[in-house]
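Take a look at the letters that make up each chain.
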Amino acid sequence: MRGGEPGWMVRGHETPFSEHHAFLKSLDRVQHGGKLNVPSDVVVLLVQGLHTKAQRTTVGYFHAIEAALRLYGVPFLKSSVRTSGSIRKNAARIRKDIMNSNPNTRWVVYGHSKGAVDAVTALSLYPELLARVLSVCSIQGVHGGSPIAEALGWTRLTQGMSNRNRHRDFLGGLGYTHEAAARTLCVVGSIVPATGHRNPTMQKTSKWIERKHGRSSDGLVCVDDQWFPHCQRYIRLCDFNHMEGASDMKGARFLSSDVCLALLDMVFGTGQPPEPIPETENFVLGRLVPRKLQPKNRVQPVPYPTPSSTVTKDGIAHVGYIRPQDHLKKNPLGRHKWFSIPWTQS
């Protein structure tokens with residue numbers, strides 16, 4: 001394998017064991033109302049990817065994650081990086097965001113796509129950040145480059161994120177240190193191009209990458225280019241395309257807001273389990289259905305199965321229902337957050 005081809009960064013290294021099972025436990029705990037064990041002096045720094053300024057209004061880039069952090073009372077800060085800026089300049093901006101804060105503040109950097117590359121590079125270039133940054137959550141980072149960017153060449157859209165340019169960056173002084181890698185949690189996404197996917201564009205690009213390079217990908221980045229050796233943790237999520245790492249897309253298997261909360265639960269250890277609901281109170285855990293998708297004057301069923309151990313009556317589990325007027329209740333996450341609602345028997 002030549003330097004600059006997909007997978008060049010992890011050449012000679014075995015794929016680490018995926019902590020997918022531990023992630024699912026944290027995900028289930030968060031979705032069912034578990035409390036996060038995040039210290040009060042911790043702030044989450046959100047670092048966006050390449051050309052995501054326009055996506056904030058089109059696909060709601062980071063909107064659901066910000067709403068989830070507000071709901072759980074976790075302070076966060078949006079990084080001042082330029083989405084089309086160079087890696088070195090964005091790393092300097094990340095250092096400025098962290099060093100200009102309260103010296104007693106500890107940070108968890110949450111980077112998606114190119115933002116993950118900027119975050120790990122910042123810890124590598126500026127070792128003084130290691131005293132303040134507890135962990136870096138790399139969500140589908142373009143660490144080894146993207147074959148799509150390689151095919152497009154150096155354009156304003158790709159900004160040098162091809163496999164060949166990323167290899168040249170590493171040789172030019174933008175490599176990762178062992179200290180920075182040891183604090184990084186890599187989340188790797190992949191989709192199966194042979195099956196029908198909810199995003200036709202990602203399905204086509206994934207098919208092209210598999211046909212040309214023989215590697216699985218999330219539609220933009222190969223699996224072997226989303227992680228690097230000596231990373232702290234490795235989590236692989238199947239059926240998780242590149243855009244679903246930062247936006248709650250319709251029909252997604254994993255919501256970006258749930259993934260963010262689950263990663264925080266893994267970073268700070270097991271949080272408090274959800275409080276048990278007394279059998280005398282008729283409540284059920286359900287997901288709020290979008291108002292525009294709900295028919296008028298019709299009882300809407302909860303799309304998530306009711307746990308039999310949560311709502312019981314005479315030893316029989318009953319399914320909860322959401323009424324149209326329940327959508328008027330204040331909920332900052334809408335359908336993206338689990339919450340308790342009254343239920344009525346059908």
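Residues numbered from 1 in each chain as written. Predicted model: local features only at pLDDT ≥ 70, side-chain atom pairs only at ≥ 80, totals over all residues. Heavy atoms only, no water.

J.: For the overall build of the chain, give the residues involved together with the corresponding values.
T.: Within the chain, the secondary structure is distributed over 10 helices and 12 strands. When the 346 residues of the chain are sorted by exposure, 52% land in the buried category. Sequence separation of at least 24 residues holds for 76% of the intrachain contacts in the chain that already meet a minimum separation of 6. Of the roughly 16400 Å² of accessible surface on the chain, 52% is carried by carbon and sulfur atoms. (Helix = DSSP H or I, 4+ residues; strand = E, 2+ residues; numbered from the N terminus. Buried < 20%, exposed > 50% of the residue type's maximum accessible area, 1.4 Å probe, protein only. Contact = heavy atoms within 4.5 Å. Areas by Shrake-Rupley, 256 points an atom, 1.4 Å probe, with all protein chains shown as cover.)

J.: A description of the pairing of strand β3 (residues 106–112) should follow, citing residues and the corresponding values.
T.: Of all seven residues in β3, six are buried, a share of seventy percent or more. One ladder, built from six bridges, connects strand β1 (residues 42–47) with β3; its direction is parallel. Directly across from Val44, in β3, lies its bridge partner Val108. Alignment of β3 against strand β4 (residues 133–139), held across six bridges, turns out to be parallel. (Pairing = 2+ DSSP bridges.)

J.: Quick rundown of the packing of helix α3 (residues 63–71) against helix α10 (residues 256–267)? Include the residues and the values.
T.: Two elements in contact, α3 and α10, have axes whose closest approach is 8 Å; the angle formed by their N-to-C orientations is 50 degrees. By the angle between their directions, the pair α3 and α10 is classed as oblique. In terms of crossing hand, the pair formed by α3 and α10 is right-handed. The residues of α10 that touch α3, namely those facing Ala64, Ile65, Ala68 and Leu69, are Ser256, Ser257, Cys260, Leu261 and Leu264. When grouped by side-chain class, the residues that make up the contact of α3 with α10 number seven nonpolar, two polar and no charged. (Axes fitted to C-alpha atoms, helices over the stretch in contact; angles between N-to-C directions. Parallel < 35°, antiparallel > 145°, perpendicular 65-115°, else oblique. Left-handed = near helix turned anticlockwise from the far one by under 90°. Nonpolar A, V, L, I, M, F, W, Y, C, P; charged D, E, K, R; others polar.)

J.: Now, about helix α9 (residues 200–213): what can you tell me, with residues and values included?
T.: The terminal C-alpha atoms of α9 lie 20 Å apart, and with 14 residues this matches the ideal 20 Å at 1.5 Å per residue to within 8%. Next to the buried residues of α9 lie α6 (147–152). Once α9 finishes, Gly214 follows within two positions and takes phi at roughly 70 degrees, a positive value. (Expected span 1.5 Å × (residues − 1).)

J.: If you had to explain unusual backbone geometry to someone new, which residues and values would you point to?
T.: The phi torsion at Phe62 lies on the positive side, around 70 degrees, for a residue other than glycine. Along the polypeptide, Phe62 turns up in the loop between α2 (55–58) and α3. Take Phe62: its relative accessible area is 2%, and that puts it in the buried class. Of note, the phi angle at Asp239 is positive, near 55 degrees, even though the residue is not glycine. In this structure, Asp239 sits in the loop between β6 (233–238) and α10.

J.: Can you break down the environment of Lys96 residue by residue, with the values?
T.: Tracing the chain through its elements places Lys96 in helix α4 (residues 87–99). Considering only alpha carbons, one finds Lys96 and Ser79, 17 residues apart in sequence, at a separation of 9.6 Å.

J.: A description of the pattern of salt bridges should follow, citing residues and the corresponding values.
T.: Within the structure shown, the criterion is met by seven salt bridges. A salt bridge links Asp41 to Arg106; the shortest N-O distance between them is 3.1 Å. In this pair, Asp41 sits in the loop between α1 (20–31) and β1 while Arg106 sits in strand β3, placing the two residues 65 residues apart along the sequence. On the basis of relative accessible area, Asp41 is assigned to the partly exposed category, the value being 31%. Residue classification places Arg106 among the partly exposed residues on the basis of a relative accessible area of 29%. Glu66 is the salt-bridge partner of Arg70, the closest N and O atoms lying 3.9 Å from each other. Within this pair, Arg70 and its partner Glu66 are both found in helix α3, separated by four residues, close to a single helical turn. (Salt bridge = Lys/Arg side-chain N within 4 Å of Asp/Glu carboxyl O.)

J.: Any chance you could break down α3 for me, citing the residues and the numbers?
T.: In an α-helix there are 3.6 residues to a turn, and that puts residues three or four apart on one side. Within the sequence span of α3, burial applies to Ala64, Ile65, Glu66, Ala67, Ala68 and Leu69. Downstream of α3 by a residue or two, Gly73 has a phi angle that is positive, lying close to 70 degrees.

J.: Talk me through the packing of aromatic side chains; I want residue IDs and the actual numbers.
T.: Taken as a whole, this structure holds six aromatic pairs when the rule is applied. For the pair Tyr61 and Phe62, a centre-to-centre distance of 4.7 Å together with 45 degrees between the ring planes defines the contact as tilted. Accessibility classification places Tyr61 together with Phe62 in one group, the buried group. Geometrically, the ring pair formed by Tyr176 and Phe228 is edge-to-face, given 4.9 Å between the ring centres and 65 degrees between the ring planes. One end of the pair, Tyr176, is in the loop between α7 (163–171) and α8 (178–181); the other, Phe228, is in the loop between α9 and β6, and 52 residues separate them in sequence. No difference in accessibility class separates Tyr176 from Phe228, as the two residues are buried. Taken together, the aromatic side chains of Phe23, Phe240 and Phe254 make up a single cluster linked through ring pairs. (Phe/Tyr/Trp six-rings, centres within 6.5 Å; stacked < 30°, edge-to-face > 60°.)

J.: Tell me about the environment of Leu220, and please be specific about residues and values.
T.: Mapped onto the secondary structure, Leu220 falls in the loop between α9 and β6. In the structure, Leu220 is positioned 71 residues away from Ala149 in sequence and 8.3 Å away in space, judged by C-alpha atoms. Excluding residues within four positions of it along the chain, Leu220 makes contact with Ser146, Pro147, Ile148, Met202, Ile209 and His242.

J.: Give me the lowdown on a positive patch on the surface, citing residues and values where you can.
T.: A cluster of basic side chains, namely Arg82, Lys89, Arg93 and Lys96, defines a positive patch on the protein surface. By the secondary structure assignment, Arg82 is in the loop between β2 (76–78) and α4. (Patch = residues over 30% accessible without salt bridge, like charges linked within 9 Å, V, L, I, M, F, W, Y side chains within 5 Å. Lys, Arg positive; Asp, Glu negative; His and termini not counted. Charge placed at Lys NZ, Arg CZ, Asp CG, Glu CD.)

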